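Below are the chains, spelled out letter by letter.
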Amino acid sequence: APRAEVPTPDAASLDGVDLEYLASRLPTPFHAYSANAIRQRIAMLQAALQGLDAQICFAVKANSNLAILQLMNEAGVGADIVSGGELWRSLRAGIPADRIVFSGVGKSGDEIAEALAAGVSRFNVESHHELLMLDRIASSQRTLAHAAVRINPDVEAGAHEKISTGKAENKFGVSIAEARSWFSSAAGLSHVRLDGLHVHIGSQILELEPFRLALARVAEFWRELVRDGHTINSIDVGGGLGVCYRRGHDRPIEAGAYVAVIREALAGFEGRIVLEPGRYLVAEAGVLMTRVIRVKQGEQRRFLVVDAAMNDLLRPSLYDAWHDIVPVSGPPRAAVTYDIVGPVCETGDTFAVARELPACKAGDLLLVAATGAYGASMGSNYNSRPLLAEVLLDDGRYAVIRRRQSFEEMIAGEQPAGNWQTA
Ligand code: LLP
């Protein structure tokens, strides 16, 4: 059985690797992921799906490292992509095109053409303009595209308004009324087979109710379509399963309970069910390792200045997201209240405000928990800070799966103006 060592706030090791040792081999900051924690999440979801014709397509945006995608592929997990870059990565990692679904409101003509040529299994289409574009491009490639309509079920979900996607006011999907009209005029599409439904309502969802509501609406629509003589071969239920960012506070949904809602809503559906989890599979498997640069006593607040920053982990700055942060080792000591901040020149470069931590000093190693999703993948070079190294841990061994970017790599492609073109 896969062993998962999800870090607890006093954890000194992850997936059999001593983190203090690891940080003595690799300069901080870096991201580390437990392969077994990821395998365990996949296995839990697959076990819950037993008996269903279901395909898990990992939302690549959550963690797009090639080695992570390879790990997904080894477990039979496909990919949910939103760009040409994610298509390219997924294929590079060996994920078969027939396990790739293409989502997103802004697929460009070039991206659609590349994905069609690669043979991706399904396009989750989000507007009528895109549907016609897909038909035109498929026709020019003399191929048949399989499409699903992304339904906007007008359901409230998600931990933060910036990651809630299923409300009528959001840019995502189309109303059931509009989807209905697509199906009734689908005969006019010569190179698209419109035979799927798709829904994704948001992210970091910790309650079953929004899933139940959204799936009930989708299921009702599916039954109506079938009554009207349409064939629905796939229903994609999206992603959104939340994880624990704050121990003793967040209570994530169990895979079994989530899949039970899918089973109930889609009872009698004989086509393929697609799932697009991102965060659920990787978030809690990852940690950001960082060291204290110095403790700074301000006029009013005490700051722990660490060597990771908002460009390495944007979630706290962008969403006010909570991540547990703990010293990796050291003797028991009294708690002190700190603001934990990075070196970037912005007040928003703050990982935690007024957080109680055992007293720290310069050089101490800290672990920022649950950073395996939307951590490295949202990293940037802001303040000319090179992208971080990423390390995969597997049962007492570690492998660098992305080396720290060098300064040269950071400026690759930049050049002094000299190649002027008259315009
Ligand atoms: N499918 C679609 C169409 C999506 O838009 C997303 C995420 C997923 C699946 C995967 O959702 P998940 O299972 O990971 O919740 N950067 C934000 C999260 C943005 C999610 C965007 N869409 C964060 O760090 O919280």
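Quantities reported herein were computed from a predicted structural model and do not represent experimental measurements. (Residues numbered from 1 in each chain as written. Predicted model: local features only at pLDDT ≥ 70, side-chain atom pairs only at ≥ 80, totals over all residues.)

Draft legend 1. The arrangement of the nonpolar core in detail. If you look at the biggest cluster of nonpolar residues, it comprises 118 residues, and the most contacted ones within it are Leu134 and Val368. In terms of residue count, the dominant contributor to this core is helix 8 (residues 209-227) (7 residues). Taken together, domain 1 (104-275) and domain 2 (284-405) each give at least three residues to this core, which thus spans both. If we skip the residues at most four places from it in the chain, leucine 134 touches Ile112, Phe123, Val125, Ala145, Ala147 and Val192. (Core = buried A, V, L, I, M, F, W, Y, C linked by C-beta atoms within 7 Å. Buried ≥ 20, exposed ≤ 12 C-beta atoms within 10 Å, placed from the backbone. Helix = DSSP H or I, 4+ residues; strand = E, 2+ residues; numbered from the N terminus. Domains from an automatic or database assignment. Contact = placed C-beta atoms within 7 Å.)

Draft legend 2. Examining the site of the ligand more closely. In the region of the ligand, 21 residues are neighbours, and Ala59, Ser203, Gly239, Gly278 and Tyr374 sit closest. Put simply, the parts of the chain that give the shell around the ligand at least two residues each are helix 10 (279-282) and helix 11 (315-319). When residues of the shell around the ligand are sorted by domain, at least three fall in each of domain 1 (104-275) and domain 2 (284-405). (Near = placed C-beta within 6 Å.)

Draft legend 3. Spotlight on the UniProt feature "binding site: pyridoxal 5'-phosphate" (unreviewed entry) in the chain. Feature annotation in UniProt assigns "binding site: pyridoxal 5'-phosphate" (unreviewed entry) to the following positions: Gly240, Glu276, Pro277, Gly278, Arg279 and Tyr374. Turning to its location among the elements, glutamate 276 is positioned in the loop between strand 11 (272-275) and helix 10. Apart from residues no more than four positions distant in its own chain, glutamate 276 is found in contact with Cys57, Ala59, Asp80, His200, Asp236, Gly238 and Gly239. Position of arginine 279 among the secondary structure elements: in helix 10. Since 26 C-beta atoms lie within 10 Å of it, arginine 279 is described here as buried. Excluding residues that lie within four positions of it along the chain, arginine 279 makes contacts with Ala62, Ser203, Gln204, Leu241, Val243 and Ala373. (UniProt positions renumbered as here; feature names shortened; annotations may be inferred.)

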